[in-house]
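Each chain, letter by letter, is given below.
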6 protein chains.
Amino acid sequence: MPILQIHLIEGRTVEQKRALVEKVTQAVCETVNVTPEHVKIILMDMARHDYATAGILKSDEQK
Amino acid sequence: MPILQIHLIEGRTVEQKRALVEKVTQAVCETVNVTPEHVKIILMDMARHDYATAGILKSDEQK
Amino acid sequence: MPILQIHLIEGRTVEQKRALVEKVTQAVCETVNVTPEHVKIILMDMARHDYATAGILKSDEQK
Amino acid sequence: MPILQIHLIEGRTVEQKRALVEKVTQAVCETVNVTPEHVKIILMDMARHDYATAGILKSDEQK
Amino acid sequence: MPILQIHLIEGRTVEQKRALVEKVTQAVCETVNVTPEHVKIILMDMARHDYATAGILKSDEQK
Amino acid sequence: MPILQIHLIEGRTVEQKRALVEKVTQAVCETVNVTPEHVKIILMDMARHDYATAGILKSDEQK
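Residues numbered from 1 in each chain as written. Chains lettered and ligands numbered in written order. Predicted model: local features only at pLDDT ≥ 70, side-chain atom pairs only at ≥ 80, totals over all residues. Heavy atoms only, no water.

### Section: the pairing of strand E2 (residues 40-46) of chain C
Logical step 1: With respect to burial, E2 of chain C is a largely interior element, six of its seven residues being buried.
Logical step 2: Summarising the sheet, strand E1 (residues 3-9) of chain C and E2 of chain C pair through seven bridges and their orientation is parallel. Its bridge partner lying in E2 of chain C, Ile-9 of chain C is registered against Met-46 of chain C.
Logical step 3: With helix H1 (residues 14-32) of chain C bridging E1 of chain C and the parallel E2 of chain C, this β-α-β connection has right-handed handedness.
Logical step 4: By the bridge criterion, three bridges tie E2 of chain C to strand E3 (residues 51-53) of chain F in an arrangement that is antiparallel. (Buried < 20%, exposed > 50% of the residue type's maximum accessible area, 1.4 Å probe, protein only. Helix = DSSP H or I, 4+ residues; strand = E, 2+ residues; numbered from the N terminus. Pairing = 2+ DSSP bridges. Right-handed = clockwise from strand over helix to strand, strands pointing away.)

See the structure below:
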């Protein structure tokens, strides 16, 4: 019954998401002794103006 | 003060959401002894490529 | 695939939680057209010093 | 390591979000003794038909 | 209607939490134009073995 | 900046959690092109009377 929520900065492709959920599900199954069909994953994209570290929006950060 | 977050696969109409929050609020009030104005509900739509079971994106599932 | 998280002030009995998840699951199924086995509910108890409205902890509120 | 999720009704400008994360980060640092770079904030906009109080969608409320 | 969830490493006192919710509520009201009674905050303590950065539990970090 | 929340039925050991965060962090880094120090994971234990499928608490399920 593990349920995962993963917040990501927007911009990942469906191919990357497909690989992400496959590999993360494997990692969960190997380590906490569950079968894959019990692993649920919710992906949540964040716009760059919706995530901040140190009080600064990601969209305002200098490279 | 119950606060609910409900993740749904995208595609529900506003009519369905209206009925959902009405009925769920009733269910909460009847069972945990609160008045309706204390029940807050956040609905969160998930795209089919943002939800996975068993390591497979919903958008990749075979019918 | 609806997944619900419900935050409650601590103190509900298991009997209340049993009734809550039964009734809320029914409400979800009736309104957004899913079967019960697809409805997952996570209950999360909040201590009275871990919830605030208007900047005041619940444990500090005057009756 | 504080991690904050903030759900807001949609419609805030980037300027408001910029001010919000700056001021909230300051408030966290002053009160729980962390440095700003450890404070992460996720902002989540809610459409008015995705938030309900008392079983009524925000988009259905009468002014 | 802002709803905030704040995850903190365990160990903060009620005094710190009281100050945290007061100051954060002020910061929200000043920046996104809401009145205090609409700001709800949920605090969630994390044990040091329940938080990880870079794949390492906080409880395993070297000082 | 991926931030993960993982809800697990209670009972996992610290050893299992240590392995879980290590392997999941690797899986995230390999698939969405981030470095490990940007991956934050919050683990959240659920009591068996705080998780339900099909309207039935986990603690009430028949083996």
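### Remarks on the interface of chain E and chain D
Logical step 1: On the side of chain D, 25 residues touch chain E, which itself brings 25 residues to the contact.
Logical step 2: A combined buried area of about 2,200 Å² lies between chain E and chain D, and 67% of that area is made up of carbon and sulfur atoms.
Logical step 3: Ranking the residues of chain E by area buried against chain D places Met-1, Thr-31 and Val-32 of chain E at the top, with a combined share of 25%.
Logical step 4: Taken together, chain E and chain D are joined by zero salt bridges. (Contact = heavy atoms within 4.5 Å. Buried area = accessible area lost by both parts, 1.4 Å probe. Salt bridge = Lys/Arg side-chain N within 4 Å of Asp/Glu carboxyl O.)

### Considering the relation of the copies chain B and chain C
Logical step 1: With an RMSD of 0.0 Å, chain B superimposes on chain C once it is rotated by 180° and translated 0.0 Å along the axis. Look at the turn and shift together and you get a two-fold axis relating the two.
Logical step 2: Take the interface residues of chain B: 100% of them recur as interface residues in chain C, which is what a same-surface contact looks like. (Least-squares fit on C-alpha atoms with pLDDT ≥ 70 in both.)

### Some words on the arrangement of the chains
Logical step 1: At no point do chain C and chain D touch; the closest pair of C-alpha atoms across them sits 12 Å apart.
Logical step 2: As for chain F relative to chain B, no contact occurs, and the smallest C-alpha gap between them is 12 Å.

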